[in-house]
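# What the coordinates show
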Amino acid sequence: MNRLGPCRWATSGSSVGYLRCAILTALFAIGTPALIAASGQPLRSPWDGKPIAATDAPYPCPAISHIAPDLVTDSFYRLDDPTHSIVDPVRMEAYRKSSGEVKAAGMAVVKAADEYRTSGSRQAAQCAMAQILVLAQEHSLTGKMSSNQAYYVQGWVVGAVAIAYLKVREAGYATPEQTKVITKWLLSVGEQTKGYYDAHKRDGHGDGGNNHLYWAGIEIAAIGVAANDQSDFGWAMAAYDNGIGQIQSDGTLPLEMARGSKALHYHLYALAPLVLLAEFGEVNNLDLYAHANGSLHRLVNACVAGALNPAPFEKATGVKQETSKILSGDQIGWAPPYVRRFPNADLARMIKAAPSLSVYYLGGLPPG
């Protein structure tokens, strides 16, 4: 697997920089993640340093949700389907009932944070921060997760909330003590996420290397930035490295190609967190788009081509792909920051046609 070397960030002419370089080189030899942000600089998010003009625009804040530490839920796919692509209606209904309240709480935070970013509404920023603080104070989702699916929901929702927090934190509606409570909660959930995926990667479990790991990566990247925790950020960069290392010469991902009729769907789903991870890298002096000889671009090209014509995916999988003529935010919401850096006419048309560009699990609207 191609990796970026640590000496790229050694300060030229600085004994401290070269010492750090030597230490990192030794650490990389025993498997420490190679993508590490520059030392001594606070970690940043794509929304930092972009001030919002506060307004008195009203925002109807929903009632605060109280989410328990434990989560009991399970997958919605048929148990006899090895591709995990055929939905079981009964299991789906059970999943909706068991995870719905948790997802709704996170969505309320995401919507309020995006309203603040788009309208400047003080009420919206205060609403988002109030819900985040209650989640933190009540140790929501820090307890027992009943299944693999429960861990996925935990990571999706807390990752989205962490990004929403990054969108509103500069508004100043959390005291220093409240900020400590929030970051402590985020770090606690992050420890569970890392433990889950580290164990599954050692055991060779599929989700230790497929799209679930990349989504965990964006969760931990947001947590790392929120808490200014280099260790978490390094873990997220390792997840990105893993994802990029999966990309084949034709731009496809083998673990997602194995998803039968949802292979194209899961390629787009896997691409979304990888692009946002690249954006987190860019604002922390890491050129992740160029990593591994620009492999991410091959994945983008394969996904765009597949969205226009799924025939190659259908030939590779042997089954008709589930497609849509107009892509939703969940399928194309990753594209705006990418196309700003790398103009693409097909992508631009897809973005223009999309009814929404919001991706819940990426914390709502993409960075602008």
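These notes cover the structure that comes with them. (Residues numbered from 1 in each chain as written. Predicted model: local features only at pLDDT ≥ 70, side-chain atom pairs only at ≥ 80, totals over all residues. Heavy atoms only, no water.)

## Overview of the overall build of the chain
Of the regular secondary structure elements, the chain holds 14 helices and 0 strands. N-terminal to C-terminal, the α/β element order of the chain is α-α-α-α-α-α-α-α-α-α-α-α-α-α. Long-range pairs, those at least 24 residues apart, make up 76% of the contacts in the chain with a sequence separation of at least 6. Accessible area for the chain stands at about 15,900 Å²; split by element, carbon and sulfur atoms hold 56% of it. (Helix = DSSP H or I, 4+ residues; strand = E, 2+ residues; numbered from the N terminus. Contact = heavy atoms within 4.5 Å. Areas by Shrake-Rupley, 256 points an atom, 1.4 Å probe, with all protein chains shown as cover.)

## Focus: the state of the cysteines
For the structure on display, the rule yields 1 disulfide. There is a disulfide in this structure between cysteine 61 and cysteine 127, and the S-S distance comes to 2.0 Å. Because the torsion about its S-S bond is 75°, the bridge between cysteine 61 and cysteine 127 counts as right-handed. Linking cysteine 61 in the loop between α1 (15-29) and α2 (89-119) with cysteine 127 in helix α3 (residues 122-137), this pair joins segments that are 66 residues apart in sequence. Taking relative accessible area as the criterion, cysteine 127 reaches 6% and is therefore assigned buried. (Disulfide = S-S within 2.5 Å. Buried < 20%, exposed > 50% of the residue type's maximum accessible area, 1.4 Å probe, protein only.)

## Here's the deal with the nonpolar core
Counting 102 residues, the largest nonpolar core has Trp215, Phe280, Leu296, Ile332, Trp334 and Leu347 as its most contacted members. Beyond its immediate sequence surroundings of up to four residues, phenylalanine 280 is in contact with Arg44, Ser45, Pro46, Trp47, Leu166, Ile218, Ala221, Ala222, Val225 and Phe233. (Core = buried A, V, L, I, M, F, W, Y, C linked by side-chain atoms within 4.5 Å.)

## Looking at the layout of surface pockets
For the largest pocket, the calculated volume is near 910 Å³. Phe76, Tyr77, His212, Arg259 and Tyr266 are, among the 40 residues lining the largest pocket, the residues nearest its centre. Elements that contribute at least two residues to the lining of the largest pocket include exactly α2, α4 (148-168), α6 (211-227), α9 (263-282) and α12 (329-332). Residue composition of the lining of the largest pocket, grouped by class: 18 nonpolar, 13 polar and 9 charged. Empty space within the second largest pocket amounts to approximately 170 Å³. Lining of the second largest pocket is provided by Ala307, Leu308, Pro310, Thr323, Ser324, Lys325, Ile326, Leu327, Met350 and Ala353. Every element with two or more residues in the lining of the second largest pocket is listed here: α10 (291-308) and α14 (345-353). Partitioning the lining of the second largest pocket into residue classes produces 7 nonpolar, 2 polar and 1 charged. (1 Å grid on protein atoms, 1.4 Å probe; cavity = no way out; pocket = protein on both sides within 12 Å on 5 of 7 lines; lining within 4 Å. Points joined across faces, edges and corners; volume = space filled by probe spheres on them. Nonpolar A, V, L, I, M, F, W, Y, C, P; charged D, E, K, R; others polar.)

## Here we look at the side chain of serine 295
By the secondary structure assignment, serine 295 is in helix α10. A distance of 2.7 Å separates the side chain of serine 295 from the backbone oxygen of alanine 292, its partner in a polar contact. When residues no more than four places from it in sequence are discounted, the contact partners of serine 295 are Ile244 and Ile247. (Polar contact = N/O pair within 3.5 Å; in protein donor to acceptor, adjacent residues only side chain to side chain.)

Geometric descriptors of this kind do not, in isolation, establish any biological role.
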